[in-house]
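The residues making up each chain are set out below.
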Amino acid sequence: MFNSRLTLSDEKATMVLNPVISKLAGKLVVLASASPRRLEILRNVGLRFEVVPSWFKETLDKSLFKAPHEYAVETAKQKALEVARRMPIKHLKTPDIVIGADTIVTVDGMILEKPVDKHDAYRMLSSLSGKEHSVYTGVAIVVCHEKENEEVDYQLIQFYEETKVKFADLSEDMLWEYINSGEPMDKAGGYGIQALGGMLVEYVHGDFLNVVGFPLNHFCKQLSLIYNHCTSSSDQKSESVHLSLNGTHPTSVLSQPTPNIPTQSSHGSSSIPKPSSASSSQTHLTHCSPSASPGHKVKRKGSDSEVSQSSWTLVNSLSKHTDGREAKLRDSENTLPLISSSGQLIEHDVTEHEDSEPRKEDLRRIGELIDGFKASKALFTAARLRVFDLLHRMPGLDAAQVAQEVKASVKGTECLLEACVSLGLLKSKERTYENTDLATSLLRSDACFSLHGYIQHCDDTLWPLFSHLESAVEEGHSQREKVVSNKPKDMLKDAFHNSQEAKLRFMNAMHCVAKVAGKSVATAFDLSRYKTACDLGGCTGAMACEFTKAHPGMSVTVFDLPAVAELSERFHPLHSNNRVSFVAGDFFQDELPKADLYILARILHDLTDEKLHILLSKIADVCKPGCGLLLSEIFLDEDRSGPSRGLLQALSMSEGKQRSATEYSVLLKSHGFITAQIRHTDNLLDAMFCIKA
Ligand SMILES: Cc1cn([C@H]2C[C@H](O)[C@@H](COP(=O)(O)OP(=O)(O)OP(=O)(O)O)O2)c(=O)[nH]c1=O
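Residues numbered from 1 in each chain as written. Predicted model: local features only at pLDDT ≥ 70, side-chain atom pairs only at ≥ 80, totals over all residues. Heavy atoms only, no water.

(A) A look at the pattern of salt bridges. Under the criterion given, the structure shown has 34 salt bridges. Residue Arg48 is joined to Asp639 by a salt bridge in which the shortest nitrogen-to-oxygen separation is 3.3 Å. Taken together, the positions of Arg48 in the loop between helix 3 (36–44) and strand 2 (50–51) and Asp639 in the loop between strand 20 (628–633) and helix 21 (644–650) put the pair 591 residues apart, joining distant regions of the chain. A relative accessible area of 31% means that Asp639 is categorised as partly exposed. The salt bridge partner of Arg384 is Asp459, with a shortest N-O separation of 3.0 Å. Of this pair, Arg384 sits in helix 9 (residues 360–384) while Asp459 sits in helix 14 (residues 452–467), and the two are 75 residues apart along the sequence. Assessed through its relative accessible area of 42%, Arg384 is described here as partly exposed. The buried category is assigned to Asp459, whose relative accessible area is 8%. (Salt bridge = Lys/Arg side-chain N within 4 Å of Asp/Glu carboxyl O. Helix = DSSP H or I, 4+ residues; strand = E, 2+ residues; numbered from the N terminus. Buried < 20%, exposed > 50% of the residue type's maximum accessible area, 1.4 Å probe, protein only.)

See below:
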């Protein structure tokens, strides 16, 4: 792992080294990237952020760009803007800052991105053999500013960094051995300088981290330009670029580095200093032009006096409605001030004081949290009453008809249906109801990606546990016993039957999660070298099935307790997959089936440290060097500040604990497994791929 060179976790050290990073504390900073390298680089310097990978498809027409770096910068911009636009609609929150990046490799006039397959990797690596090439990372920082009318202002700062890398002559054997390691597949140019690919490199001129995917030094300089070095200059012209939100392509007005528009030549004068290029990498500030809009008077944070706006990088300014459909062009005169002459972001509600009126977004957030349990329970109840199944079969029923079908009161049903409409689960038209797309795909009990079983588990098991949360926190252990003993007596009458039913319900919940998350986990890494896998605690085999679908040459043995293996037969048609087989056994006591890849999905978080080490030692004992271990869990942020999903789950866990990717890495390393790749999938489960040393 390349992060051995970056171990700054001490916050004080980070602050002293880079006061700008600490200025972002308390802001919702979002990394619009699925790249584990970028995540790690930024985490290692103490930046707190959420990861929301961009859905922007990297398909811009390269021939339209004069220089390769313009392509990288434009792609980075589109990645960041896509997330900035999506979050208010899909995540119901507006980020303060979104960071997008794109790394490309260029050689002999060609732009190399991530290889699509092994032959593409071969084509790329052989074109790099024995030559010097350039690695460019384009970075876009989008600063979002939510206005009172719920529109969002965006400002964009973008730049790029170039690093030169020289490869040694690569023999055919070496090339294929490297390709077969699987490392090239998710990396620009088909290599990872931070890992095995480092062995191919003769020299690097410039920022090493730029090659790995993020020019940290240049980024920090840009942040410090934003926050520390603003100059007030009323005679500067504003460079304003208006972006159309309807398409992916912006319309450039001045110096936007979009197709065929020269970047440097149209800069105009700028009083903002260019970042110094202390290293031999070229640094280019493609966008940073101060502007001032006369007539804009803003209050300085914490002060009553009014100051003129001095905008630092009023480069792109656009506004959009939060429904994301409409955008209106704005001229710079209407641009709201964002940064004071001291470089501080200026809030609209200027005075931040304990007794001042609460901010609207704070009230909204607290309201959401207070009502969260009501929303969950409304969803659970509608799912339990099979409202979504019913409205799938018979769309357009009114409340009375639904009430009759689900055998409930009309009044209560109507309230429930209306609540479901407000939560985006149902749509209503002239007082009749139908499913939204979300309900159709995730809430119907027979949908391919149904979460119905998991919702039932939440309602039956987790809901009662959470109602005892206070005791759990006071006593420091799960309240499972209390919950069971509170159940009506007749539910405990036939212990076997109930435990079987409970098992099936639990298996169904795990089955749902595995079906929804399975593909993201199974396709997270190139596993083509593994032919036999064993899914330890693989339950119904749903995850195993996804692995066989994703890897045509692989067969998977599901190893789980005898009772589970027996019941798994009920989860047809999984058993019709002849590359998935079931072996009954206890992984703490019995011999593990032989395989060259072991899968541990949602297992480790639930185990005590002692059990965890027993299991990992057993796996390590049967693994030969080169064997793989694929771990799938929710990975906590390194500073344990998120994601909430993982931290909330910990509140009802009985034995185990939630960990960050690094914590898992360290744990696995102690059993001889070296982490090769980590993937935050943006699905229900993340994934880590390790190799036995
Ligand atoms: C050249 C090189 C690239 N890379 C990686 C960095 C990037 O993750 C990747 C280039 O692909 P990108 O498209 O820049 O990024 P990504 O697809 O990984 O993530 P996202 O689009 O969500 O932001 O290649 C290395 O890890 N090491 C290297 O030596």
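(B) Representation of the sheet that holds strand 13 (residues 397–398) in the model. Pairing is antiparallel across the open sheet formed by three strands, whose spatial order is 13-15-14. Edge strands, defined here as strands with exactly one partner in the open sheet, are strand 13 and strand 14 (426–429). Relative to strand 15 (residues 432–435), strand 13 runs antiparallel, the two being bridged by two bridges. Counted as the bridge partner of Asp398 is Thr432 from strand 15. Packing of helix 12 (residues 410–422) onto the sheet brings it into contact with strand 14 and strand 15, and relative to strand 14 it is tilted by some 110 degrees. (Pairing = 2+ DSSP bridges. Contact = heavy atoms within 4.5 Å. Axes fitted to C-alpha atoms, helices over the stretch in contact; angles between N-to-C directions.)

(C) View of the sheet that holds strand 21 (residues 673–679). Ordered in space as 18-17-16-19-20-22-21, the seven strands form an open sheet in which the pairing is mixed. Each edge of the open sheet carries a strand with a single partner, namely strand 18 (580–584) and strand 21. Neighbouring strand axes in the sheet, compared pairwise and without regard to direction, differ in orientation by 20 degrees on average. Alignment of strand 16 (residues 532–536) against strand 19 (residues 597–601), held across three bridges, turns out to be parallel. Each bridged residue has a counterpart across the sheet, and for Cys534 the counterpart in strand 19 is Tyr598. Helix-sheet contacts for helix 20 (residues 609–622) involve strand 16, strand 19, strand 20, strand 21 and strand 22 (686–692), and the interaxial angle to strand 19 is about 165 degrees.

(D) Spatial organisation of the site of the ligand. Neighbouring the ligand are 21 residues, the closest being Ser33, Arg38, Lys79, Lys114 and Ile193. Between the ligand and Thr103, the relevant distance is 2.7 Å, taken from an oxygen atom to a main-chain nitrogen or oxygen of the residue. For the ligand, the protein covers 95% of the area, taking 600 Å² as the surface of the free molecule. Put simply, the parts of the chain that give the shell around the ligand at least two residues each are helix 3, strand 3 (97–107) and helix 7 (208–212). When residues in the shell around the ligand are grouped by element, the largest group, three residues, is from strand 3. Counted by class, the shell around the ligand contains seven nonpolar, six polar and eight charged residues. (Near = heavy atom within 4 Å. Polar contact = N/O pair within 3.5 Å; in protein donor to acceptor, adjacent residues only side chain to side chain. Areas by Shrake-Rupley, 256 points an atom, 1.4 Å probe, with all protein chains shown as cover. Nonpolar A, V, L, I, M, F, W, Y, C, P; charged D, E, K, R; others polar.)

(E) Spotlight on helix 5 (residues 118–128). Residues of helix 5 that are buried: Asp120, Ala121, Met124, Leu125, Ser127 and Leu128. With its buried residues spanning 160 degrees around the axis, helix 5 presents them on a single face. Lining the buried residues of helix 5 we find strand 3, strand 4 (110–112), strand 5 (132–146), strand 6 (152–167) and helix 6 (172–180). The N-capping residue of helix 5, defined by a side-chain oxygen 3.1 Å from the backbone nitrogen of His119, is Asp117. Just downstream of helix 5 lies Gly130, where phi reads positive at about 75 degrees. (Arc of directions from axis to C-beta.)

(F) Looking closely at the side chain of Thr436. The topology assignment puts Thr436 in the loop between strand 15 and helix 13 (437–443). Among the polar contacts listed, one links the side chain of Thr436 to the backbone oxygen of Leu425, at a separation of 3.0 Å. What Thr436 contacts, discounting residues up to four positions off in sequence, is Gly424, Leu425, Leu426 and Lys427.

(G) Structural view of the packing of helix 5 against helix 6. One can describe the packing of helix 5 onto helix 6 by two numbers: an axis separation of 10 Å at closest approach and a directional angle of 135 degrees. Between helix 5 and helix 6, the angle falls in the class oblique. The two elements helix 5 and helix 6 cross, and the hand of that crossing is right-handed. Facing Lys118, His119, Ala121, Tyr122, Leu125 and Ser126 of helix 5, the residues of helix 6 in contact are Glu172, Leu175, Trp176, Tyr178, Ile179 and Asn180. Of the residues that constitute the contact of helix 5 with helix 6, the class distribution is seven nonpolar, three polar and two charged. (Parallel < 35°, antiparallel > 145°, perpendicular 65-115°, else oblique. Left-handed = near helix turned anticlockwise from the far one by under 90°.)

(H) Layout of a nonpolar patch on the surface. On the surface, Phe466, Val473, Leu648 and Leu651 cluster together into a nonpolar patch covering about 350 Å² of accessible area. For Phe466, the location among the structural elements is in helix 14. (Patch = residues over 30% accessible without salt bridge, like charges linked within 9 Å, V, L, I, M, F, W, Y side chains within 5 Å.)

(I) Quick look at empty space enclosed by the protein. A complete count under the given rule lists two cavities of 30 Å³ or more for this structure. What the largest cavity holds in volume is close to 70 Å³. For the largest cavity, the full set of lining residues is Pro36, Leu39, Glu40, Arg43, Glu638, Ala661, Thr662, Ile678 and His680. At the level of elements, helix 3 and helix 22 (661–669) are the ones that each hand at least two residues to the lining of the largest cavity. Top contributing element to the lining of the largest cavity by residue count: helix 3, with four residues. Of the residues in the lining of the largest cavity, the class split is four nonpolar, two polar and three charged. Residues from two domains meet in the lining of the largest cavity; each of domain 1 (20–226) and domain 2 (516–692) gives at least three. For the second largest cavity, the calculated volume is near 50 Å³. As for the second largest cavity, its lining consists of Leu465, Phe466, Leu469, Ala472, Ser478, Gln479, Leu651 and Ser652. (1 Å grid on protein atoms, 1.4 Å probe; cavity = no way out; pocket = protein on both sides within 12 Å on 5 of 7 lines; lining within 4 Å. Points joined across faces, edges and corners; volume = space filled by probe spheres on them. Domains from an automatic or database assignment.)

It is worth stressing that arrangement in space is one thing and function is another; only the former is reported here.
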